[in-house]
Every structure is written in C-alpha cells, then in structure tokens.
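Listed here are the chains, written in short residue letters.
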Amino acid sequence: MRCLVTGGAGFLGSHLCERLLNEGNEVICLDNYFTGRMANVNHLRDNRNFELIRHDVTEPILLEVDRIFNLACPASPIHYQYNPVKTIKTSVMGAINMLGLAKRVKARILQASTSEVYGDPAVHPQTEDYWGNVNPIGIRSCYDEGKRVAETLFMDYHRQNNVDIRIVRIFNTYGPRMLPNDGRVVSNFIVQALKGEDITIYGDGSQTRSFCYVDDLIEGFIRMMRQDKIIGPVNIGNPGEFTMLELAKEVLDLTGSKSKIVYQPLPGDDPKMRRPNIDLAKSALGWEPTIPLRKGLEKTICYFDELLKK
Ligand code: NAD
Ligand code: UDP
C-alpha cells in the first residue's frame, strides 16, 4: 500500500511511519514542521519506500495514495493555543483537503480525532455515543471544536460521497519522541524530575487522565484501518485512570528525583476527568492496551534521560 501520513514528523506520526514501513508499505510523510521534527524521521530517510514532503495541510495537494492517516494538528495545549486561528484552520481545512484527496483517488482515510470532543465530560467513562460537553468560545475551543468539525466533515463525505473513512478518538498518549518542551503533562513531569526542577501541578492535582503508551495506540490505528466492520468513531486509549498528583508521585518514584511538587493555577476549561470506555475497540478490533503506566513511563524516562544528556 502507498500510505500518506500527515503530521508524520510529529510524535505519533513518526511512530506510525516507522510501523507502516516495517510492514512493507510505501510511506509519504507530510509535515509543515510546526511541532514535528525532521530528527523524528531521520532514521527512516535511507529507506527507499520512504518520502518526506514539506507541506501545510491547509493547502490542497495531489498525490496518488491508497491510505491516508490524517494526523496533522498540534496536540499540546501550549502549541495549539499559540496560534488558535491556525489550529482551527489546520483541523477544518486540513480535513477538507485530505477528504477531497481521498475522494479523488478513492483512498481509505483515517482521522486522528480526540477525547477532547467530549470536552469536560458529564458521562464517565466516556462512550462513543456521548455527544460531549464542549465550550464553543473558550481557550481550548480552537482544538476541540476544530476536531469536532473534522469528524462532521468525515461523516458527511462518507454519507454524501461514499468516502471510505475511519475515525479514532485518541485519549492522552505518551512515549518517546515527545518534545521536551511539548508542554503536555507526562513530558513536563519527566523532564522536570530529571533536571531536578519543581514538578508543576496545575490546580490541586485531583483532575484525572488515562494515559496510553504510544505502541499500543499505533496498534489501534493499524487494526482500525485494516478492518471493514466499522468506520467509527472508536475510542483508543488506556482505561487506567490517574490523578495528576498520582502521576507526579509515580514519576518521582521512578526517577528517584528530589524535585519538589509545586501547585500552579489551573488553565481555563481544563477537563476534570477523562477515561475511555473501550468496549467497542475490544469487540470490533480485538484491541486493548498491553502496556501499563509504570512500564510505559520507564521507557519514556529512558528516552528523555538519553535526550537530555546530548
Ligand atoms: P504533534 O504535535 O507531535 O504532531 C502533530 C504534527 O502535525 C507535527 O509534526 C506538526 O508539525 C504537524 N502539523 C501541525 N500543523 C500542520 C499543518 N498545518 N500542516 C502540516 N503539518 C502540520 O502531536 P501528536 O501527539 O503526534 O498528535 C498527532 C495527532 O493525534 C494530532 O492530530 C492530535 O490532535 C491527535 N491526538 C493526539 C493525542 C495525544 O495524546 N498524543 C491525543 C488526541 C489526539
Ligand atoms: N498539567 C499539569 N502540569 C503540567 C502540564 C499539565 O498539572 O505541567 C495538567 C493539565 O492541567 C491537565 C493534565 O495535566 O489537567 C493533562 O494535561 P495535558 O496538557 O497533558 O493534556 P490535556 O489537558 O489536553 O488532556
């Protein structure tokens, strides 16, 4: 298969490119390098089945491909809030351009959607039939609403033009190749612990998230694209739920760091809890995560430890 991965030089995208190449596919990695790095895919550049294109998904592009994985979009709040207008353009115009391409070349296309479509959820754990509780005018809206519109576009291209779509809703995912200054909680805590800096908990640390290790997530992507039973949306995440205080303590324990925990103001609209119900992924894809938080954190700590020594 010839696969296009938008956002392919980013954290998840680079792992996906690697996995697709290992399975013998041709891979075109498309990225504008906003939060992605050439370094994430440098080791793939000698592979004759790999091609790199600098391009912005808000502009149309014509390519001959069989599969499209649409991941282009900054995922960390500090990055997606840096230029919120560009963030929403990336989600909405990016979806239109990639769906147009899929329609034209009859490619199967997967959207990397997010648990943020559930907003600050009133249903817990979140099931795919929950419509969410999203503020349309807050500081997270450029991301949350952009992703919601993208889902709408995917469903409408499917109903109206019969485009072969798949939608996965990704819950907080972590692992090697996150940026040290990415701003998301796992990378922040690990980098702070390794440098002996204060661990910054926003709010009182009682808010919860459910963290999925990257390899488990990529397996979910692959299974979703391989099957013909369901188009989604399907939750892909690890149901293990932790408070931010528990996460901080786990990181301190695993690194043996003497860092102090400090409390900083909670950003606006920060969801209080989040945990996926993965019954659908289990029954339709035979998928469930295999790597518990502690094991995934160990691997991620090793990665950042090496990176910070460079
Ligand atoms: P990331 O920021 O590392 O990767 C995003 C990639 O998209 C980067 O390489 C960036 O340069 C590229 N990009 C951004 N805007 C672009 C544009 N206009 N044109 C072309 N490329 C562009 O983030 P990630 O964690 O790898 O996330 C990948 C996808 O998965 C995103 O769509 C994100 O919304 C989704 N997602 C991730 C998580 C998670 O926890 N990691 C959770 C939910 C959803
Ligand atoms: N968070 C924190 N300290 C940090 C970064 C984030 O306490 O240094 C909190 C943040 O307020 C949120 C949770 O950790 O409640 C997860 O944040 P992240 O940005 O990783 O993901 P998201 O909020 O998008 O799920």
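Calculation criteria
Residues numbered from 1 in each chain as written. Chains lettered and ligands numbered in written order. Predicted model: local features only at pLDDT ≥ 70, side-chain atom pairs only at ≥ 80, totals over all residues. Heavy atoms only, no water. Salt bridge = Lys/Arg side-chain N within 4 Å of Asp/Glu carboxyl O. Buried < 20%, exposed > 50% of the residue type's maximum accessible area, 1.4 Å probe, protein only. Helix = DSSP H or I, 4+ residues; strand = E, 2+ residues; numbered from the N terminus. Near = heavy atom within 4 Å. Polar contact = N/O pair within 3.5 Å; in protein donor to acceptor, adjacent residues only side chain to side chain. Areas by Shrake-Rupley, 256 points an atom, 1.4 Å probe, with all protein chains shown as cover. Phe/Tyr/Trp six-rings, centres within 6.5 Å; stacked < 30°, edge-to-face > 60°.

Novice: Is there a simple way to explain the pattern of salt bridges in this structure?
Specialist: Opposite charge on two side chains lets them pair, provided their charged atoms get close. Inspection of the entire model under this criterion finds 26 salt bridges. In this structure, the salt-bridge partner of Glu23 is Arg19, at a minimum N-O distance of 2.8 Å. The exposure class assigned to Glu23 is partly exposed, which follows from its relative accessible area of 38%. On the basis of relative accessible area, Arg19 is assigned to the partly exposed category, the value being 22%. In this structure, Arg209 and Asp270 form a salt bridge, with 3.1 Å as the shortest nitrogen-oxygen distance. In this pair, Arg209 sits in strand β9 (residues 208–210) while Asp270 sits in the loop between β13 (261–264) and α8 (279–285), placing the two residues 61 residues apart along the sequence. Across this residue pair, the class does not change: Arg209 and Asp270 are buried. Because the salt bridges share partners, they merge into one network encompassing Arg19, Glu23, Glu219, Arg223 and Arg226.

Novice: In this structure, what is going on with the site of ligand 1? I would like to understand it.
Specialist: Taken together, 30 residues are adjacent to ligand 1, and Asp31, Thr35, Tyr143, Lys147 and Thr173 come closest. One of the side-chain N or O atoms of Asp31 is found 2.5 Å from an oxygen atom in ligand 1. Measuring from a nitrogen atom of ligand 1, one finds a side-chain N or O atom of Arg184 at 2.9 Å. When ligand 1 sits alone it has 820 Å² of accessible area, and the protein chains cover 97% of it. Elements supplying a minimum of two residues to the shell around ligand 1: α1 (11–22), α3 (84–105), β5 (108–114) and α4 (141–161).

Novice: Can you help me understand the packing of aromatic side chains in this one?
Specialist: Here the distance between the centres and the angle between the planes together describe a pair of aromatic rings. Under the counting rule described, the total for this entry stands at seven aromatic pairs. Plain terms: the ring middles of Tyr80 and Tyr143 are 4.4 Å apart, the flat faces sit at 10° to each other, and that makes the pair stacked. Residue Tyr80 is located in helix α2 (residues 77–80), and its partner Tyr143 is located in helix α4; the two are separated by 63 residues in the primary sequence. Like Tyr143, Tyr80 is buried. An angle of 40° between the planes, with centres 6.1 Å apart, marks the rings of Tyr118 and Phe171 as tilted. Note that Tyr118 is positioned in the loop between β5 and α4 and Phe171 in the loop between β6 (165–170) and β7 (173–174), a separation of 53 residues in sequence. Each of the two residues, Tyr118 as well as Phe171, counts as buried. Taken together, the ring pairs in this structure connect Tyr118, Tyr130 and Phe171 into an aromatic cluster.

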